[in-house]
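Structural characterization, general
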Amino acid sequence: MDEVEQFLRGLELDNRRAAVLTAVACGVGALVLLARKVAGHREAKDKIRRARDRRTESLQRAEQAVLRYKEMHPTTDSAAILSLSLSELTKQLREGVLSPEDVFYSYVEKTLAVHKKLNCCTGILLESFDQLKTINSSKDGLLYGVPVSIKENIGYKNQDSSCGIVINLGLPDTRDSVLVEVLKLQGAIPFVKTNIPQALLSYDCSNPIYGQTRNPCNLQKTSGGSSGGEGALIGGGGSLLGLGSDIGGSIRIPASFCGICGFKPTTGRLSSNGVKPIYRGQKSVFSSAGPMAKDVESLALCMQALLCDHMFSLDPTVPPIPFNVQIYHSSKPLRIGYIEDDGYMQPTPSMARAIREIKNLLEQAGHTLVPYRPPRIGYVANELLVKGILADGGTTLLQKLEGSPLDPSIRDQVISLSLPTWMKKTLLFLIKPLVSHKILSFLYLLFRSVKKLWEQHAAAEDYTKEVIEDWRRCNIEVMLCPVVGPAYSLFYCGKVSGTLTYAMLYNLLNFPAGVVPVSMVTAEDEEELKHYKGIYQDHMDKLFKEAVTGGEGLPVAVQCVALPWRDELCLRLMKEVEKLVKQSGELTCKLQI
């Protein structure tokens, strides 16, 4: 009996020792995890500081270079140069009336001034000063001597393409993207990279590295995203021509918010080599790089310059289809469908008014206008758009954001992505009565099998065929439709997702689409907005109303769309709209910079 008691006491002692050892191990493990987390935060802060220092240094060196040039060339008329359209500028550069140096330094100076007000640049490309010295070797290029701005995620040798996330900092590109190579071969001078939202998947333009970009027409409003730095810089006059990218309106929404023109080509028409997405492999909703500028003619000239033998040689996956000038310059009357309301998100009064006014102008010009509404738009919004982009449940995005501070513009989405599935289902059940829109972060982030993903791809293909057949049934050549606007107040973009149907739909369909500013928000629009209820009259509609309130004087745009590979026809409609607006009395926003 004594032996048994002694044995049990030994067991009890061993258990206590095991418990103590376990507790110590857990404590050590927790300390290790905490130390790693602290080290990760410290590393992130160091990366951000170095990135900001690089930006500051590039801006300061550019400013010094501008001052030296102005001292040596005091008669340079920068104001006159900045007032020229792209076609006028290229003509004077070709004829030798203007020197590339005068043009370059005029735009660098203006960019620095605009950036101080709007925080729209991630850095001046100091290599452009060296390119300027050898620019005469590219005199035959269509963009000879033209300074061009590029979105931060477009590859430029020895520069970061961070997409606004810390993990990508300190990993500079080893070569230029194909787009940048072709621009240089055509005589253009890429000279500045512009700001983006964190992870690119936002209509805002803010990230923890470079901060918030503001709207040139109202500093209390966002410039839009994700090509928001481009929209702000071009809208503020610091750039004549820029390149952005678009996966859900990322070119068109900043263009609409900032009062400029933007064009999303058919995906595959321009090279994507060296244009960094937030993650690769997503094949449901198509991304495309494209031009942004003050006018449609500049967009067309940029497309013509890019669609050349240089691009087709550098990237054999791009179909060798040169720009069709004949289609672009055609004056044949068009049969145009028009959407005033897609049936999912009620447009603002200014959005709807813009469509009505442009419809009337097009009819007076001899075109035929046909009312149209996209089929099954609620189904598309809830089952094909966001579910396509985040088909992995957001796993890849979360991995990319590890160790990075979160920007307010995406914090809510990231938090919902991080929740366990059971909690998402519970919150979905609780929130459903408040939001009739079914685009709920908790719904579209449930686990998806490969089989389900393939079914989603097939459904997207079927819907594209359905829309094309619908266009043909209506005998529609091109489409006029709203684009999101006016510009949102700061910090609302992450809360309002219902309006994505007006932009992301054409990424899903892979239809070329472009935006043209046509008007301004009037006092009457603001008064009518007070009575805005929305289609569902839910929390999403209420937030949308709050986001666009206070927009008097802001630009209002319309969107033009064509079938795949009919990019020139889309630009042709955009040019027609722009011409008719100018003839009827051009309206532009007043800059606050």
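Scope of this entry: the structure provided in the associated data block.

Criteria and cut-off values
- Residues numbered from 1 in each chain as written.
- Predicted model: local features only at pLDDT ≥ 70, side-chain atom pairs only at ≥ 80, totals over all residues.
- Heavy atoms only, no water.
- Buried < 20%, exposed > 50% of the residue type's maximum accessible area, 1.4 Å probe, protein only.
- Helix = DSSP H or I, 4+ residues; strand = E, 2+ residues; numbered from the N terminus.
- Arc of directions from axis to C-beta.
- Contact = heavy atoms within 4.5 Å.
- Polar contact = N/O pair within 3.5 Å; in protein donor to acceptor, adjacent residues only side chain to side chain.
- Pairing = 2+ DSSP bridges.
- Axes fitted to C-alpha atoms, helices over the stretch in contact; angles between N-to-C directions.
- Phe/Tyr/Trp six-rings, centres within 6.5 Å; stacked < 30°, edge-to-face > 60°.

1. Structural notes on helix α20 (residues 539-548)
If you check which residues of α20 are buried, you get M540, D541, L543, F544, A547 and V548. Each buried residue of α20 sits inside an arc of 160° when the element is viewed along its axis, so together they form one side. The secondary structure elements touched by the buried residues of α20 are β7 (218-222), α12 (349-364) and α19 (523-529). Capping the start of α20, D538 holds a side-chain oxygen 3.2 Å from the backbone nitrogen of M540, two or three residues further along.

2. Side note on the environment of A232
Tracing the backbone through its elements, the reader meets A232 in helix α7 (residues 228-235). On the basis of relative accessible area, A232 is assigned to the buried category, the value being 0%. Spatially, the C-alpha atoms of A232 and C258 are 6.2 Å apart, while their sequence positions differ by 26 residues.

3. So, the sheet that holds strand β10 (residues 288-293)
The sheet built from eleven strands is open, its strands ordered β1-β3-β2-β8-β10-β9-β14-β15-β13-β11-β12 with mixed pairing. The two strands at the open ends of the sheet, each matched to only one other strand, are β1 (121-124) and β12 (368-371). Adjacent strand axes in the sheet meet at a mean angle of 30° when their direction is disregarded. Both strand β2 (residues 147-151) and strand β8 (residues 241-246) contribute to a ladder of two bridges, which runs parallel. For S149, the partnering residue across the bridge sits in β8 and is G242. The strands that helix α6 (residues 178-185) touches are β2, β3 (189-194), β8 and β10; relative to β3, the one it contacts most, it runs at about 145°.

4. Regarding the pairing of strand β14 (residues 513-520)
Burial within β14 is extensive, with six of its eight residues counted as buried. Sheet topology note: the strand β9 (residues 261-264)/β14 ladder contains three bridges and is antiparallel. Counted as the bridge partner of K264 is A513 from β14. In this structure, β14 lies alongside strand β15 (residues 555-562), joined through seven bridges in antiparallel fashion.

5. Examining the packing of aromatic side chains
Enumeration according to the criterion identifies eleven aromatic pairs in this entry. Here Y488 and F544 contribute two aromatic rings whose centre-to-centre distance is 6.1 Å and whose plane-to-plane angle is 70°, an arrangement assigned as edge-to-face. In this pair, Y488 is assigned in the loop between β13 (478-482) and α18 (505-508) and F544 in helix α20, connecting sequence segments 56 residues apart. Here Y488 falls in the buried class, since its relative accessible area comes to 0%. The buried category is assigned to F544, whose relative accessible area is 1%. Ring geometry for Y532 versus F544: centroids 5.8 Å apart, planes at 65°, classification edge-to-face. Note that Y532 is positioned in the loop between α19 and α20 and F544 in helix α20, a separation of twelve residues in sequence. Residue Y532 is classed as buried on the basis of its relative accessible area, which comes to 6%.

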